[in-house]
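Per-entry structural report
Now for the letters of each chain:
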Amino acid sequence: GASRAILEREAPRAEALAGTAEAIPLPEGAVDAVFCGEAFHWFDGPRAVAEIARVLRPGGLLAVLFNRPAGPIEPSVHGVSQLLRERGHPHRQSDRISSGEWLEPFAGSLFTGPRELRFPNPQRSSRARMLDYLASVSWIAGLEAAERESLLDDLHELLPDTTFAWPWETHLLLFERASI
């Protein structure tokens, strides 16, 4: 899809294959590592865990990365949060991350771990960059065009034209594919 097109444009020498986490077009034991950034909670967990285990060689690593808020944004964006709640922000996916529910498919799998590492990842964002981020959030990006534009216009009005300090923390979880 769209992400693969970006990869093909930005890294033309890379071989980009059409596939999903649940159906990877590679033979058994073909790779040493699989990296998944900001997406694992969207997969069909049991199928993805089995498929990733299939393509990883024994001892190979699965690295799963999430960026999580590490404190409040300064200046406050309380009005933005309130508007998103009012417009029906679906917390299902972020709740799956926070609760650890996304980890359930690893129980009884061929993976050991995870070993978790955390890194401070503070960001500074302009109003435009903050709006770009909000527009990229999956539930907002998935709205009908008119509804999405209306929401983004309202968010633009709520956000002051300033630089925001955005404390993030990167969580890296490493799983090792067990040898059989």
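Coordinates for the structure precede this section.
In this text, all values refer to a predicted model and were calculated from it rather than measured experimentally. (Residues numbered from 1 in each chain as written. Predicted model: local features only at pLDDT ≥ 70, side-chain atom pairs only at ≥ 80, totals over all residues. Heavy atoms only, no water.)

1. Remarks on the pattern of salt bridges
Applicable threshold: Think of a salt bridge as a Lys or Arg side-chain nitrogen and an Asp or Glu carboxyl oxygen that are within 4 Å of each other. Secondary structure elements are defined from DSSP: runs of H or I of at least 4 residues count as helices, runs of E of at least 2 residues count as strands, and each element is numbered from the N terminus. Remark: exposure states derive from per-residue accessible area (1.4 Å probe, protein chains only) relative to the maximum for the residue type, with buried under 20%, exposed over 50%, and partly exposed in between.
In total, this model carries eight salt bridges according to the counting rule given. Measuring nitrogen to oxygen at the nearest pair gives 2.6 Å for the salt bridge that ties arginine 57 to aspartate 32. Taken together, the residues arginine 57 in strand β2 (residues 56-69) and aspartate 32 in strand β1 (residues 31-37) connect sequence positions 25 residues apart. Arginine 57 gets classed as partly exposed once you look at its relative accessible area, which sits at 33%. For aspartate 32, a relative accessible area of 51% translates into the label exposed. In this structure, the salt-bridge partner of arginine 54 is glutamate 51, at a minimum N-O distance of 2.9 Å. Here arginine 54 and its partner glutamate 51 are both found in helix α2 (residues 45-55), three residues apart, which amounts to about one turn of the helix. Given the relative accessible area of 12%, glutamate 51 is considered buried. Several salt bridges converge on common partners, so that one network encompasses Glu116, Arg118 and Glu169.

These figures capture arrangement, not role.
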